[in-house]
Amino acid sequence: MGIVCSVDVNECVNVNECSGNGVCIDRINGFTCDETKSNFGCTIRVDKQFHPDFNDITSPFAVAFSSGVKRILRKYLVKVLWWFIKIIITRLFNGSVGIDFDMVFQPTSNVSNSSIVQVLKAGNGSKELEYLSIVGDISVTEQLPVTAQTTSPSPSSTAAPEESGKLETWVMVLIAAGGVVLVLLAIIVVLALKYRREIRSAKETLPFDDYWEMMAFNSGEMRAHLENVNGQGTNENGAAVRTHVRHA
């Protein structure tokens, strides 16, 4: 295996790496998205009838009401506050309908508590707010900046370890296969030696006289066979007699 070399790549060259308005910060083998935003906590009351299910912000009635209010406010705020990003409704409470929500702005915005109050008062009950009526005071409080950092590894830094891991796996497989082959060869050699020893042992245990008798018997049997083939035999006096066979 050779030496694995890697070059740090600036992932922030691609401006699409960070979603929204985050700032990309290049790191070794990756990058970080710094998405610091300005948050303001707001409380308003709207002239609507409170429903008991509004006490549970996740209930179908609360979700439907919250979605409608968010749509109206977002449509209006995008026009008058260029740095506006989104609204997050956190609570509905009784008293007409009280709404606690967070307003999120870009980190470069110069939005203040007073500017938000002024904008909401200016649009109160107007066509731009779809005649949504805000009753009572409007409370706005600036919150601590929210920072969301997302770190992503560099694809180039992970490619080399993955390839190295695959190569090591194949090497281990080949080593295991070679071991199996060696074991099978050893078994075959042992069986062959055992069979050879058994044959040699059988010959050594055969008695000497029996061995020569067996050889003599085999020789006589072979001679008789040859004589029959040639059509020649012997009579009772030992004289050679040729037998003629007439075929019908």
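A quick note: this is a predicted structure, and the numbers were derived from the prediction, not measured. (Residues numbered from 1 in each chain as written. Predicted model: local features only at pLDDT ≥ 70, side-chain atom pairs only at ≥ 80, totals over all residues. Heavy atoms only, no water.)

A. Quick look at the sheet that holds strand β4 (residues 84-94). The strand order β4-β5-β3-β6 describes an open sheet built from 4 strands, whose pairing is antiparallel. Bordering the open sheet on either side are β4 and β6 (134-142), each of which pairs with just one other strand. Across this sheet, the average inter-strand angle for adjacent strands is 20 degrees, counted without regard to direction. Relative to the sheet, helix α1 (residues 60-80) contacts β3 (38-46), β4 and β5 (97-105), its axis offset from that of β4 by approximately 140 degrees. (Pairing = 2+ DSSP bridges. Helix = DSSP H or I, 4+ residues; strand = E, 2+ residues; numbered from the N terminus. Axes fitted to C-alpha atoms, helices over the stretch in contact; angles between N-to-C directions. Contact = heavy atoms within 4.5 Å.)

B. The arrangement of unusual backbone geometry in detail. A positive phi angle, close to 55 degrees, is found at Ser96, a residue other than glycine. In this structure, Ser96 sits in the loop between β4 and β5. For Tyr131, which is not a glycine, the phi torsion comes out positive at approximately 60 degrees. If you trace the backbone, Tyr131 turns up in the loop between α2 (113-123) and β6. Overall, Tyr131 belongs to the exposed group, its relative accessible area being 60%. (Buried < 20%, exposed > 50% of the residue type's maximum accessible area, 1.4 Å probe, protein only.)

C. The arrangement of the pattern of salt bridges in detail. Scanning the entire structure with this criterion turns up 2 salt bridges. Put simply, Arg71 and Glu130 hold a salt bridge, and the shortest N to O gap is 2.9 Å. With Arg71 in helix α1 and Glu130 in the loop between α2 and β6, this residue pair connects regions lying 59 residues apart in the sequence. By relative accessible area, which is 33% here, Glu130 ends up partly exposed. Its salt-bridge partner being Arg91, residue Asp100 comes within 2.9 Å of it at the nearest N-O pair. (Salt bridge = Lys/Arg side-chain N within 4 Å of Asp/Glu carboxyl O.)

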